[in-house]
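Residue strings, one per chain:
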Number of protein chains: 2
Amino acid sequence: MELWYTEEHTDNVRFSIKVKEHLYHGESEFQKIDFFDSQEFGKFFTLDGLMMVNEKDEFVYHDMIVHVPMATNPDIKNVLVIGGGDGGTVRELTRYPNVEKIDMVEIDEKVVRLSEEYLPITASKLNDPRVSLYFEDGVAFVDGLESAYDLIIVDSTDPIGPGEGLFSKAFYDNCYRALTEDGILVNQHESPYYERDAREMKRAHSKIKKLFNVSKVYQFHMPTYPSGHWLFGFASKKYDPLKDAKLDEWNKLGLKTKYYNTEIHKGSFALPSFVRDMLEEV
Amino acid sequence: MELWYTEEHTDNVRFSIKVKEHLYHGESEFQKIDFFDSQEFGKFFTLDGLMMVNEKDEFVYHDMIVHVPMATNPDIKNVLVIGGGDGGTVRELTRYPNVEKIDMVEIDEKVVRLSEEYLPITASKLNDPRVSLYFEDGVAFVDGLESAYDLIIVDSTDPIGPGEGLFSKAFYDNCYRALTEDGILVNQHESPYYERDAREMKRAHSKIKKLFNVSKVYQFHMPTYPSGHWLFGFASKKYDPLKDAKLDEWNKLGLKTKYYNTEIHKGSFALPSFVRDMLEEV
């Protein structure tokens, strides 16, 4: 017998992974949750049938979502992570001795508890003393906050289901207010390649760029996400991620990383012309 | 009825495309050839069942294989293309008024003739007066040549089947001799992500870097190739693709490109740490 997990990247494109074992299937208040084990990607989990995190390429995503803002401003002390239930983003943040407080707001406690059970590779640092977990809606959490964080990382799913509000203008407004004067917002920014993802990329960018002084997009290679061409948004009240980045300082920290380095920090903001054009036209 | 084309990216990973029509199936002396039409990628063709070129993302590959060396040395006049039967590489080269001669050596005439029939988007410029087509083995073609070309582009399949010799040390030796003193070699360099591709990437790099003064690797997002993380090799007797590139000059040419630009020229040489490590260890 062969067991294959298949994700529809579009109505006309499918990506399939041979599964060794279907470790868990359940449903939370918010979504369907499945954990699998596989030869190629190790353990992975899906939400509503879409690949979220796997052991083989999670390092790409978590390196790029954390180290780009942290190398831009190594003085970041207070961080808010919204989403990111697998724990990988928090894991990377805890590597910075300078960081004093990491609040993680994940709507679905079940994702966190299951990740602790099946994906210790990402969920290993949620018990760091600087980490506080809030199992709440991120949209409500940021409402009313002022100058509370130096960095907000929106580590969300696609803008369907429970992640939808994390792509709304009201949410970005509240993030802006919740940030200190030199605050940085990094968010999961979809992909330029398939039509539906590109539409969401443009919608997110058009909202964020109206709010922030600096609003850029950077790219990385994420093989298990649709098209493998994935983006994060970098928005900031003050710091430009290229001109102001403290790359030498970051290198002196001596953090060992498998994807991120200070060359790719710069290189990842160089976007293909078709992506640049799409972002400029919004 | 639904018709799906499926490629095995590894034994445990499959990529499937919904097909509107199977336009052609045949076999040449060298390989199985299929052309399809699809909603998502337009027309595409496969060799021995592996995706070669499609209308949706061919621009990525052909932009990056041509404009990176051409922007490094805009004085390139004589070019040899080995492989590239779809014609896309030649199409991009013909956009440079400075280029005087383009020799294309493709082992399989059938690929060229079928591309002319089904993929005019890439095969449209093979009748440019500067282009000469040779339906021969590229390995034999370069044997014995001396200082004949300013640029050799190896636009090959994977190193299995007819493309195998294009990854051999003897072939690279002959390319070196066939290049002028400031000659550049660009080659299809596989991918760092899946094990088999990464092995070929390392093998190719270890051979090329022993021969050339400058030997670098650059990356791009190629959604329909395994993992979407694909590489070209840039080797040269003289020019460094970063330090020596004539990016302002290239911009003055006013070529409209959908993927390449002079920012991504620089950015594409910034490799993730795990790729850099793999290339350094060979």
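No experiment lies behind these values; they were computed from the predicted model shown.

Participant: In this structure, what is going on with the relation of the copies chain B and chain A? I would like to understand it.
Facilitator: Both copies of the chain are related by one operation, a rotation about an axis with a shift along it. Structural alignment of chain B on chain A gives an RMSD of 0.0 Å, achieved by rotating through 180° and translating 0.0 Å along the axis. Within this description, the copies of the chain are treated as partners about a two-fold rotation axis. Taking C-alpha positions as reference, the residue of chain B nearest the rotation axis is B:G267, located at 1.9 Å. Here 100% of the contact residues of chain B are again contact residues in chain A; the copies associate through an equivalent surface.

Participant: Can you help me understand the domain arrangement of chain A in this one?
Facilitator: Often the size quoted for an interface is simply the accessible area lost on bringing the parts together. All names here are of chain A. Split by domain assignment, chain A resolves into domain 1 (3-51) and domain 2 (58-281). Taking only C-alpha atoms into account, the centre of domain 1 sits 23 Å from that of domain 2. Of the residues lining the interface, 16 residues belong to domain 1; the matching set on domain 2 comes to 15 residues. Within the residue set of the side of domain 1 that touches domain 2, elements represented by two or more residues are β1 (3-10), β2 (13-27), β3 (32-38), β4 (42-47) and β5 (50-54).

Participant: Explanation requested: the packing of helix α6 (residues 169-178) of chain B against helix α7 (residues 195-211) of chain B in the structure shown.
Facilitator: Any two packed helices are characterised by how steeply their axes cross, that is the angle between the axes, and by the distance between the axes. Residue and element names in this part refer to chain B. The N-to-C vectors of α6 and α7 enclose an angle of 35°; their axes lie 10 Å apart at closest approach. Taken as a pair, α6 and α7 cross one another with a handedness that is right-handed. Residues K169, Y172, D173 and Y176 of α6 form the contact with α7, whose participating residues are K207, I208 and L211. Within the contact of α6 with α7, the residues separate by chemical class into 4 nonpolar, no polar and 3 charged.

Participant: Would you mind showing me how to read the interface of chain B and chain A here?
Facilitator: The partner chain A presents 31 residues to the 31 residues of chain B that form the contact. Of all the secondary structure elements, the ones that give two or more residues to the side of chain B that touches chain A are β2 (13-27), α9 (262-267) and α10 (273-281) of chain B. It is β2(B) that contributes the most residues to the side of chain B that touches chain A, 6 residues altogether. Where β2(A) meets β2(B), 5 bridges bridge the pair, whose relative direction is antiparallel. Across the sheet, the residue bridging to A:I17 is B:V13, located in β2(B).

Participant: Can you help me understand unusual backbone geometry in this one?
Facilitator: Among all residues save glycine, negative phi is the norm, and among peptide bonds the norm is trans. Residues and elements named next belong to chain B. Look at D48: it is not a glycine, yet its phi comes out positive at around 50°. Along the chain, D48 falls in the loop between β4 (42-47) and β5 (50-54). The class of D48 is partly exposed, set by 16 C-beta atoms lying within 10 Å.

Participant: Looking at this structure, how should I read the pairing of strand β3 (residues 32-38) of chain B?
Facilitator: Successive residues of a regular strand alternate their side chains across the two faces of the sheet. All names here are of chain B. Along β3, 5 of the 7 residues are buried, which leaves the element largely enclosed by surrounding structure. Taken together, the 7 bridges between β2 and β3 define a ladder with antiparallel strand orientation. Bridge pairing in β3 places E21 opposite D37. Connecting the antiparallel pair β2 and β3 is a turn made up of 4 residues. The pairing of β3 with β4 spans 6 bridges and is classified as antiparallel. The partner of S38 across the bridge, within β4, is G42. From the end of β3 to the start of β4, which pair antiparallel, there are 3 residues.

Participant: What am I meant to see in the sheet that holds strand β12 (residues 229-236) of chain A here?
Facilitator: Residue and element names in this part refer to chain A. Strand order across the open sheet formed by 7 strands is β8-β7-β6-β9-β10-β12-β11, with mixed pairing between neighbours. The open sheet has two edge strands with one neighbour each: β8 (131-134) and β11 (214-221). Strand-to-strand twist of the sheet, defined as the mean angle between neighbouring strand axes without regard to direction, takes the value 15°. Along the sheet face, helix α1 (residues 58-72) touches β9 (149-155), β10 (179-188), β11 and β12 and points at about 160° away from the line of β10. Across the sheet, helix α6 (residues 169-178) touches β9 and β10, and the angle it forms with β10 is around 140°.

Definitions and cut-offs
Every chain's residues receive numbers from 1 upward, in the order its sequence appears when written. Chains and ligands are labelled by the order in which they are written, letters from A for the one and numbers from 1 for the other. Thresholds applied to this predicted model are a pLDDT of at least 70 for local features of residues and 80 or more for the giving and counting of side-chain atom pairs; totals over whole chains, interfaces and linings are not thresholded and use all residues. C-alpha atoms of residues with pLDDT of at least 70 in both copies form the basis for the least-squares superposition of the copies. What counts as a contact is two residues whose backbone-derived C-beta atoms lie within 7 Å of each other. In this entry, domain limits derive from an automatic or database-based domain assignment. Helix and strand definitions here come from DSSP, where helices need a minimum of 4 consecutive H or I residues and strands a minimum of 2 consecutive E residues; each element is numbered from the N-terminal end. Axis definition: a line fitted to C-alpha atoms, over the contacting stretch in the case of helices. Angles run 0 to 180 degrees between N-to-C directions. Note on convention: the crossing is left-handed when the near helix lies turned anticlockwise from the far helix by less than a right angle, right-handed when the turn is clockwise. The residue classification treats Ala, Val, Leu, Ile, Met, Phe, Trp, Tyr, Cys and Pro as nonpolar and Asp, Glu, Lys and Arg as charged. All others, Gly included, are polar. Pairing between two strands is assigned when DSSP locates at least 2 bridges connecting them. Exposure in this text rests on C-beta crowding, where 20 or more other C-beta atoms within 10 Å of a residue's own make it buried, 12 or fewer make it exposed, and counts in between make it partly exposed. The C-beta atoms are placed from the backbone.

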